[in-house]
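The chain contents come next:
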Amino acid sequence: MKRFYSYPAICALVFYSAVQATEVVWQYPCELTHVSKPECDCWTGLNENGKWETEEHFPVYVDPEHYLAGDPPSDKSAVTITTDQWIEVGFAGEITDGPDADVIIREMGRMGETALILLSDGRTRTYPLGIATAHYDPMGPMSQESTICEFDLKDVQPGFSPRAVRILSLGLGGASPGFDVGSVKARITVQSPSPYLPRPGHKVTDVQPNASLSWTGSGQASAVHLYLGQDLSAVNPDESDPFASLPGDVNVFVPSEHWALGQTYYWRVVEIVSSGHSPGNIGEVWQFQVNPHHVIDNFDQYNDEASFRDDWWATYYATRSLIHCQDSTYKGCHAAKLKYNLTGSDYAEYMHVKESGRGEMDWNQPGATTLELYFRSLPDEAALPNLYVRVEDLAREQMFVLYTDDPNHLNDGLWHPWRIDLSEFDNLELDRIASISIGVQFPDSGSNTPTSGSLFIDEIQLCGPRHLSDLPLETDLNQDQAVTTADLALFAAEWLSTSREVLTVQEPNAPWCHLAFDGSISDMQGNAQTSSSGDVQFDDHADFNGSEASIKITNAQTLTQFTQGITISFWQYGEHSIHRADTLVCSDYAYPAQAPELAIGLGLWEHPESLFWQCGLRQNPGNLLTGIHQVPEQWSQRWNHWAFAKDFITGRMSVYLNGRLLARGQGQGSGLTNLNTLELGNGWYTYYDGSLDDFRIHDYALNTQECAYLATNGTGEVPQPALMPSDFNQDGRVDWQDYAVLAGEWVNSK
């Protein structure tokens, strides 16, 4: 096995035993778990001196991982989270309850900003703790004062092991751009004296290829054995030798070679304890995944044109500039622009120069197979001339590669990836690359007809092999990142349901309430007492605008008298949401301990997100039916009819979409017990972005035919094309051809 590096071996007869004593400690986060910033913009904030602008840079760009994972740079630094964006930080152990506050967040600037604070399992499950509100000071950020926001976990039962804290900015901060997070600390349980607090954190992805490993030791070790490898057997002390032997006071490992791109590594730290203590402290097995890309340049580190010019320059017949670019193709805030004007044999290019005897551009990255970059033109300009990449090493050897893929990509105005196999540069010393140039050349050297235009470049990087498992699976209908029999069952059900032109309908009994929203919020049945707050507008439906908008049924305690069941139905037209799930309907709640007994959530942004139907005690998982939006049209940019039903006798819970059963589960056979107010358009998981119409509550669980009646106004004819996630070839129907697509992707994904 290749060794990265090793201290001199320490000879000892070691008896391994895992001493696991639970210890409660206060810690800063060990990792940045998730971020949501769909604008693809740079993160900004306050630098180490508490400044949000300097003479050189406005605004100040910050790295959320550097600022929030581990100790903050200073007690004045902060990351700004603007309205609706969120950041999630993970900890090395389970966040636990203790005396007084258990989660402490420091907010900088004092402009009255607010944020929703949630516990998370680090993946998909969350539980709101409460609202963090910054103090208000007319001096605002200039005061450099902070607000300490504390949260107590007493009586909190999230239903999962919380290992992360999510901060969702609600804004509302006067002139301030957002909630400025200076630091996050939490009370966690760790296993001590075994080593803990790994960095990178356990199961972290996108680790940099040159990252070091570090941990917190017990303070008792006379020596440390580090076990490391690409499979679990490599970290078993009974099966493998240590990868490296280190002195007892060392808690960091610096690899002498880069980690392989896209590879998963397992590691474990075993402490050799001196006489008088336990003979060995065996740490847990940790793992991390290396980023599949090694960035050569993504242009995001440049704050201005001057710093950009230091690394890149343009040839004659061209000018270059750094542009602020927002585009969903990539995650970054800057791109490079080359404006060219060519005639005859002219050429125009960017050249990125790293001239040094050390060969600062080392492309000899383990696992790297491809050079990748993104490019685009402008659609109202002529097609790009010959597009090329030229690479030169320190020995002055050059290799020239011309773009020969789809010619339509040269003038459609869209971002496209260009992937070049590294074998194209076999004659170069890849560990000593001096420069990379990207440019355009006049296609006809004999022509004197001028041509001009713009070339945009971004995300230049080395990539590992692209596996099918890394790509989205079109036929993964249940969004579990695999094509299985579960997807086949969904496909079959949709094939059968969409083969009928008319749905079978049955008129339901009269509802307890019907809010038609035809110019008012009055109940057409005369039972519900209603009020509204915030910016809610009524014409022929209800529009919810902003975080304060909501409609309330103030006598919702009547719903606790329903004995057979309940159905809540409505028409819905959503806007994009980045909250994972907006709250459309919600009963009484109080952060953090009292979750709602009744709640409905939908939501979608860049990827399919959650829908949920909560009816009954929150702590009972059987009373929560969850799902994933299969297509964006189930949430946004079109009207859909939803019905959420629960039978209080059998406990069966159902969700219907446009008159068809979408999801079903077995809940607890009991009704509602603790309702006073029912809120529409806001609640437990923040506010709803969109519109509602024809809101009804029935006092029993409607069946499929009754839901179809409401969705079609009694005709059985769906007034718009049915949602067909299984129409893979987009021909307007689900048939054998779509089954062939599913079968092919199923086979290839194995």
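Because the structure is a prediction, the values reported are computed rather than measured.

Asker: Would you mind going over the environment of I553 with me for this structure?
Answerer: Structurally, I553 is set in strand β35 (residues 542-553). Judged by relative accessible area, I553 falls into the buried class, the value being 0%. The spacing of I553 and S532 is 21 residues in sequence and 9.0 Å in space, taken between C-alpha atoms. Residue contacts for I553: discarding those within four places in its chain leaves W512, C513, L515, A528, Q529, T530, N676, T677, L678, L680, F695 and I697.

Asker: How should helix α4 (residues 704-711) be read in this particular structure?
Answerer: Three- or four-residue spacings in an α-helix give side chains the same orientation, since the helix completes a turn every 3.6 residues. Regarding α4, the residues found buried are E706, C707, A708, L710 and A711. The inward-facing, buried residues of α4 abut β36 (565-574), β41 (640-647), β42 (652-657) and β45 (690-698). Sitting at the amino-terminal end of α4 is N703, which places a side-chain oxygen 3.1 Å from the backbone nitrogen of Q705.

Asker: Looking at this model, I keep getting lost on the sheet that holds strand β9 (residues 126-133). Mind explaining?
Answerer: Adjacent strands of a sheet pair through backbone hydrogen bonds, lying either parallel or antiparallel. The strand order across the open sheet formed by 5 strands is β2-β5-β11-β8-β9, and the pairing between neighbours is antiparallel. This sheet does not close on itself; its edge strands, each paired only once, are β2 (31-36) and β9. Neighbouring strand axes in the sheet, compared pairwise and without regard to direction, differ in orientation by 20° on average. Of the strand pairs in this sheet, strand β5 (residues 86-90) and strand β11 (residues 164-171) are connected by 5 bridges, and their pairing is antiparallel. Its bridge partner being in β11, G90 is matched across the sheet by A164.

Asker: For this particular structure, what's the right way to read the nonpolar core?
Answerer: Nonpolar side chains in soluble globular proteins generally cluster together in the buried interior. Membership of the largest hydrophobic core comes to 50 residues, with the highest contact counts inside it found for I95, V103, I105, V165 and I167. If you tally residues by element for this core, the top one is strand β12 (residues 178-193), at 6 residues. The residues touching I95, leaving out its near neighbours within four places in the chain, are V103, L119, L153, P162, R163, A164, V165, A186, R187 and I188.

Asker: Would you mind showing me how to read a positive patch on the surface here?
Answerer: A surface patch of positive charge is lined by R123, R125, R163 and K203. With respect to the helices, strands and loops of the structure, R163 is situated in the loop between β10 (146-151) and β11. For R163, a relative accessible area of 34% gives the class partly exposed.

Asker: Would you explain the pattern of salt bridges in this entry?
Answerer: Pairing is possible between side chains of opposite charge, provided their charged atoms come close. In total, this model carries 8 salt bridges according to the counting rule given. A salt bridge links R166 to E88, with the nearest nitrogen and oxygen atoms 2.8 Å apart. Residue R166 is found in strand β11, and its partner E88 is found in strand β5; the two are separated by 78 residues along the sequence. One exposure class covers both R166 and E88, and it is buried. K339 is the partner of E381 in a salt bridge, and the nearest nitrogen-oxygen pair spans 3.3 Å. Separated by 42 residues along the polypeptide, E381 in the loop between β27 (370-376) and β28 (386-393) and K339 in strand β25 (residues 334-342) bring together distant segments of the chain. Overall, the relative accessible area of 37% leaves K339 in the partly exposed class. A single network of salt bridges, built from pairs that share partners, joins R390, E392 and R396.

Analysis parameters
Residues numbered from 1 in each chain as written. Predicted model: local features only at pLDDT ≥ 70, side-chain atom pairs only at ≥ 80, totals over all residues. Heavy atoms only, no water. Helix = DSSP H or I, 4+ residues; strand = E, 2+ residues; numbered from the N terminus. Buried < 20%, exposed > 50% of the residue type's maximum accessible area, 1.4 Å probe, protein only. Contact = heavy atoms within 4.5 Å. Polar contact = N/O pair within 3.5 Å; in protein donor to acceptor, adjacent residues only side chain to side chain. Pairing = 2+ DSSP bridges. Axes fitted to C-alpha atoms, helices over the stretch in contact; angles between N-to-C directions. Core = buried A, V, L, I, M, F, W, Y, C linked by side-chain atoms within 4.5 Å. Patch = residues over 30% accessible without salt bridge, like charges linked within 9 Å, V, L, I, M, F, W, Y side chains within 5 Å. Areas by Shrake-Rupley, 256 points an atom, 1.4 Å probe, with all protein chains shown as cover. Salt bridge = Lys/Arg side-chain N within 4 Å of Asp/Glu carboxyl O. Lys, Arg positive; Asp, Glu negative; His and termini not counted. Charge placed at Lys NZ, Arg CZ, Asp CG, Glu CD.

By themselves, these figures tell us nothing about what the structure is for.
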